[in-house]
Amino acid sequence: MPTHRTGEFTVIAHRGASGYLPEHTLAGAAMAHEMGADYIEQDVVLTRDDELIVLHDLYLDAVTDVADRFRGRQRDDGHYYAIDFDLAEIRTLRVHERLKVNGDPAFPGRFPPDTTVFRVPTLREEIALIQGLNRSTGRDVGVYVEPKSPAWHSREGKDLMAETVLLLAEFGYRDRGDRAILQSFDLESLKYARHELNSDLTLVQLIGENRWRESPTDFDYLRTEAGLAEIAAFADGIGPWLPQTVDLSGVNFGKTTGLVEAAHRRGLLVHAYTLRADQLPAELGTIEAAMELLAAQPRLDGVFTDHPDQVIHYLESKGY
Ligand code: G3P
Ligand code: CA
């Protein structure tokens, strides 16, 4: 069993050990724990009956058999939203590897998508699992929680951020000394957590690309000096998309963008996402090569990865 590392580089198991087991399953969380991840990530949404479940999308389509079991319950856009189902209904679903709209696996070569042994966990269940493993193994793996689209939940009449902060507190996660990090792409919702919910948890502002999604937050602005100053006034770190920290496609391949340095000057941690062994630029090919390139940059403080074992293997080989 890997020993818990207290090194400076934080390994965050992205949606569990999702390179090996379907994302956001208890099995995947247990595997990430065994691999020695420092934190295990949970994306969370609310059900109709106000249970926090661990799910990346607002809807259930891409990772469950909801369309087979509840035909007709989709909204006009064709999606089966978790918020339209009670937990008892969601518990009947089978979770599988993420599929694309055409039914092909999003990541060919990962766990067989036709396996039916996995279920959607609640956040309560997953934290109980991690805390139980911490006790039985003597390790102290943290939780790294992202309430998904709090503004959308608010329009649906639900306070996702408040429910999340309350549940974390119930499990003993209340301040920066605890092994929990709260992350969001939504600047206003993180400010709400800090200033109105009075959470003293470590807060990480995620930064995406404006072109990806409809978002209440201007990500281009967040990467400016003014944006970073605004984040640093209430939060502890940023979670940028990896190519926002180092050029991975252009003529400056391998060169820093300057974002890590700028964030560090503001005292902000930088946890970049997402390192996947099966979705690397062709020039890199392996996690080891990617980590070599990252090691040559101003030091990230950590990385979200679908393959925590490979990142840890690299770090241990370099004496971290
Ligand atoms: O939360 C960090 C990373 O997971 C952000 O992207 O879309 O996988 O939640 P996403
Ligand atoms: Ca996430």
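Computed from a predicted structure; not experimentally measured.

Rules used in this analysis
Residues numbered from 1 in each chain as written. Chains lettered and ligands numbered in written order. Predicted model: local features only at pLDDT ≥ 70, side-chain atom pairs only at ≥ 80, totals over all residues. Heavy atoms only, no water. Near = heavy atom within 4 Å. Polar contact = N/O pair within 3.5 Å; in protein donor to acceptor, adjacent residues only side chain to side chain. Areas by Shrake-Rupley, 256 points an atom, 1.4 Å probe, with all protein chains shown as cover. Donors = N, O, S within 2.8 Å, 3.2 Å for Na, K, Ca; no water. Tetrahedral: all angles 85-135°; square planar, octahedral: opposite > 155°, others 65-115°. Buried < 20%, exposed > 50% of the residue type's maximum accessible area, 1.4 Å probe, protein only. Helix = DSSP H or I, 4+ residues; strand = E, 2+ residues; numbered from the N terminus. Salt bridge = Lys/Arg side-chain N within 4 Å of Asp/Glu carboxyl O. Arc of directions from axis to C-beta. Contact = heavy atoms within 4.5 Å. Pairing = 2+ DSSP bridges. Right-handed = clockwise from strand over helix to strand, strands pointing away. Core = buried A, V, L, I, M, F, W, Y, C linked by side-chain atoms within 4.5 Å. Phe/Tyr/Trp six-rings, centres within 6.5 Å; stacked < 30°, edge-to-face > 60°.

A. Structural detail: the site of ligand 1. Near ligand 1 the following residues occur: His-14, Arg-15, Glu-41, Asp-43, His-56, Glu-146, Lys-148, Gln-183, Phe-185, Leu-206, Tyr-273 and Phe-304. Between an oxygen atom of ligand 1 and a side-chain N or O atom of His-14, the distance comes to 2.9 Å. Contacts to ligand 1 include Glu-41, whose side-chain N or O atom sits 2.9 Å from an oxygen atom. When isolated, ligand 1 has an accessible area of 280 Å², and the protein chains bury 93% of it.

B. The coordination of the calcium ion (ligand 2), seen in detail. Those donors, Glu-41 (OE), Asp-43 (OD) and Glu-146 (OE), are the protein atoms that reach the calcium ion (ligand 2), and they lie 2.1 to 2.4 Å from it. The site at the calcium ion (ligand 2) holds 6 donor atoms, and with the angles between them running 61 to 152°, its shape is irregular. In the primary sequence, the donor residues of the calcium ion (ligand 2) line up as E-x1-D-x102-E. Glu-41 gets classed as buried once you look at its relative accessible area, which sits at 3%.

C. Structural detail: unusual backbone geometry. The amide bond that connects Tyr-273 to the next residue, Thr-274, takes the cis arrangement and shows omega of -10°. Along the chain, the position of Thr-274 falls in strand E8 (residues 269-275). Here Asp-50, not a glycine, exhibits a phi torsion of approximately 65°, which is positive. Structurally, Asp-50 can be placed in the loop between strand E2 (39-46) and strand E3 (52-54).

D. Layout of the pattern of salt bridges. Tallying each qualifying case throughout the model produces 30 salt bridges. The salt bridge partner of Glu-23 is Arg-98, with a shortest N-O separation of 2.8 Å. On the criterion of sequence distance, the pair formed by Glu-23 in the loop between strand E1 (10-13) and helix H1 (26-35) and Arg-98 in the loop between helix H3 (87-90) and helix H4 (123-137) is long-range, its members being 75 residues apart. Judged by relative accessible area, which is 15%, Arg-98 ranks as buried. For the salt bridge of Asp-278 with Arg-110, the shortest nitrogen-to-oxygen distance reads 2.8 Å. Taken as a pair, Asp-278 in the loop between E8 and helix H11 (287-295) and Arg-110 in the loop between H3 and H4 lie far apart in primary sequence, 168 residues in all. In the salt-bridge network here, residues are joined through shared partners; they are Arg-15, Glu-23, Asp-43, Asp-57, Arg-98, Glu-146 and Lys-148.

E. Looking closely at helix H9 (residues 225-232). Within H9, burial applies to Gly-227, Leu-228 and Ile-231. Taken down its axis, H9 places every buried residue within 95° of arc, on the same side. On the buried face of H9, the contacting elements are helix H7 (187-196), strand E6 (202-207), helix H8 (219-222), strand E7 (237-240) and helix H10 (259-265).

F. Spatial organisation of the pairing of strand E5 (residues 180-184). Along E5, 5 of the 5 residues are buried, which leaves the element largely enclosed by surrounding structure. Residue alternation in E5 divides its side chains into two sets, Ala-180, Leu-182 and Ser-184 and Ile-181 and Gln-183, and both sets are buried. Relative to E5, strand E4 (residues 142-147) runs parallel, the two sharing 3 bridges. Counted as the bridge partner of Val-145 is Leu-182 from E5. In this fold, the crossover linking E5 to E6 by way of H7 has right-handed handedness.

G. Representation of the nonpolar core. Membership of the largest hydrophobic core comes to 74 residues, with the highest contact counts inside it found for Leu-182, Ile-238, Leu-275, Met-291 and Val-311. Not counting chain neighbours up to four residues away, the residues in contact with Ile-238 comprise Val-204, Gln-205, Ile-207, Leu-228, Ile-231, Leu-259, Ala-263, Leu-268, Leu-269, Val-270 and His-271. One finds Val-45, Ile-53, Tyr-81 and Trp-152 within the second-largest nonpolar core, a separate group that totals 22 residues.

H. Molecular detail of the pairing of strand E9 (residues 302-305). Burial along E9 is two-sided: Gly-302 and Phe-304 and Val-303 and Thr-305, pointing in opposite directions, are all buried. Across 4 bridges, the pairing between E1 and E9 is parallel. Across the sheet, Ala-13 pairs through a bridge with Thr-305, a residue of E9. Across 3 bridges, E8 lies against E9 in parallel orientation. Within E9, the position partnered with His-271 by the bridge is Gly-302. In the classification by handedness, the crossover that spans E8, the intervening H11 and the parallel E9 is right-handed.

I. The packing of aromatic side chains, seen in detail. One pass over the full model with this rule turns up 10 aromatic pairs. Here Tyr-59 and Tyr-81 contribute two aromatic rings whose centre-to-centre distance is 5.6 Å and whose plane-to-plane angle is 80°, an arrangement assigned as edge-to-face. Pair noted here: Tyr-59 is in the loop between E3 and helix H2 (66-69) and Tyr-81 is in the loop between H2 and H3, with a separation of 22 residues, a long-range link. Given a relative accessible area of 24%, Tyr-59 falls into the partly exposed group. Consider the rings of Phe-185 and Phe-219, whose centres lie 5.8 Å apart with planes at 75°: the pair is edge-to-face. Linking Phe-185 in the loop between E5 and H7 with Phe-219 in helix H8, this pair joins segments that are 34 residues apart in sequence. Here Phe-185 and Phe-219 have matching classes, each one buried.

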